[in-house]
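What the coordinates show
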Amino acid sequence: MLILGSHVHFNQEQLLGSVKEALSYNANTFMFYTGAPQNTVRKPINDNLSLEALKLMKENNIDLKNIICHAPYIVNLANKNDLSKWNFSIDFIKNELSRCENLGITKLVLHPGSAVKITKKEGLDNIIDGLNIILNKNSSVKILLETMAGKGNECGSTLDELKYILDNIKEKNNIGICLDTCHLNDSGIEISHFDDYLKEFDQKIGIDKIYCIHINDSKNIIASHKDRHENIGLGTIGFENLLNVIYHKKLENIPKILETPYIGKTNLDKERLYPPYKFEIEMIKNKKYDSNLLDKVRDFYKN
Ligand code: FE
Ligand code: FE
Ligand code: ZN
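Thresholds, definitions, all that
- Residues numbered from 1 in each chain as written.
- Chains lettered and ligands numbered in written order.
- Predicted model: local features only at pLDDT ≥ 70, side-chain atom pairs only at ≥ 80, totals over all residues.
- Heavy atoms only, no water.
- Helix = DSSP H or I, 4+ residues; strand = E, 2+ residues; numbered from the N terminus.
- Rg over C-alpha atoms; globule rule 2.2 N^0.38 Å.
- Buried < 20%, exposed > 50% of the residue type's maximum accessible area, 1.4 Å probe, protein only.
- Areas by Shrake-Rupley, 256 points an atom, 1.4 Å probe, with all protein chains shown as cover.
- Lys, Arg positive; Asp, Glu negative; His and termini not counted.
- Charge placed at Lys NZ, Arg CZ, Asp CG, Glu CD.
- 1 Å grid on protein atoms, 1.4 Å probe; cavity = no way out; pocket = protein on both sides within 12 Å on 5 of 7 lines; lining within 4 Å.
- Points joined across faces, edges and corners; volume = space filled by probe spheres on them.
- Nonpolar A, V, L, I, M, F, W, Y, C, P; charged D, E, K, R; others polar.
- Patch = residues over 30% accessible without salt bridge, like charges linked within 9 Å, V, L, I, M, F, W, Y side chains within 5 Å.
- Salt bridge = Lys/Arg side-chain N within 4 Å of Asp/Glu carboxyl O.

1. Let's talk about the overall build of the protein chain
- A tally of regular secondary structure across the protein chain gives 10 helices and 14 strands.
- Rg of the C-alpha trace for the protein chain: 19 Å, near the compact-globule value of 19 Å for 303 residues, within the 12% margin.
- Expressed along its principal axes, the backbone C-alpha trace of the protein chain runs to roughly 50 × 45 × 35 Å.
- The buried share of the protein chain, reckoned over its 303 residues, is 55%.
- A total of about 14,000 Å² of accessible surface is found on the protein chain, and carbon and sulfur atoms cover 49% of it.
- Counting 39 positive and 40 negative side-chain charges, the protein chain places the averaged centre of each group 2 Å from the other.

As structure tokens, this is what we get:
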């Protein structure tokens, strides 16, 4: 079955609001941050809202096991230069795991980290140390390391780096991978030859370690190390290559999450107001590219 959704908000109505938003896009899964992605301010989970959310999910056949939580970008396990910050990152991710556990969510996506002013190897070792402190075999939540574009000093932009981390994690059942098609393209992987990548992934890490896939087109050419997402079919990866990933037989029951950019009132508009997901999901389900995507989104939301 196609399990497809997008990034959604998590605000006053918390998980209930997230479910409603996902349903408005005709999605059967979604991904959210438990607060703003850029900061670590987090409000306590409201159990009543969670119960209402679970009820609404059940009514709409949304399976909690397909829901993804994403940790904020600013926690960084790669960098121990400031130990108090590293310890803060560890505590924050531990808390994030227990917030997931409270909600019944089993998958937390994490950017491995950035090796600032240290070598890649040191960065990777710090990530391993951190994860080995964080991961707890009694927890039902898995941390999914995201494949990164390799911007700046980002760790986890190659299979060998990810393999090195995974090989050194003690609680192997609590760790997995989240692919991101934009990041893969920007790191140098040809999505048009995705089978070659999957084969190498399987040899080095094992396809069974993939628990989530972020589906994004890219604004930049292959190996640009940029990480700027583009709407489906409008970037350098292209609609057919993305469809091939989405409908890949070996990745059938893995949740696919869109993180494509919001759309402005005009093509030049910097203010990004309208979520594209309802129409991107429609296009993907129809397996047919719609060159009017942006106008359709604008027409739908303009009033
Ligand atoms: Fe991410
Ligand atoms: Fe992503
Ligand atoms: Zn990205």
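2. Describing the layout of surface pockets
- Taken as a whole, the largest pocket spans an internal volume of roughly 490 Å³.
- Surrounding the largest pocket, 20 residues form its lining, Tyr73, His229, Glu259, Thr260 and Pro261 being those nearest its centre.
- Classifying every residue of the lining of the largest pocket by side-chain character gives 7 nonpolar, 6 polar and 7 charged.
- Of the voids in this model, the second largest pocket is the one considered here, and its volume is about 190 Å³.
- Forming the walls of the second largest pocket are Phe10, Asn11, Gln12, Gln14, Thr34, Gly35, Ala36, Val41, Arg42 and Lys43.
- Its residues assigned to classes, the lining of the second largest pocket shows 3 nonpolar, 5 polar and 2 charged.

3. A short note on a positive patch on the surface
- Taken together, Lys226, Arg228, Lys270 and Arg272 make up a surface patch of like positive charges.
- Position of Lys226 relative to the elements: it lies in the loop between strand E10 (217–218) and strand E11 (229–230).
- On the accessibility criterion, Lys226 (43% relative accessible area) is partly exposed.

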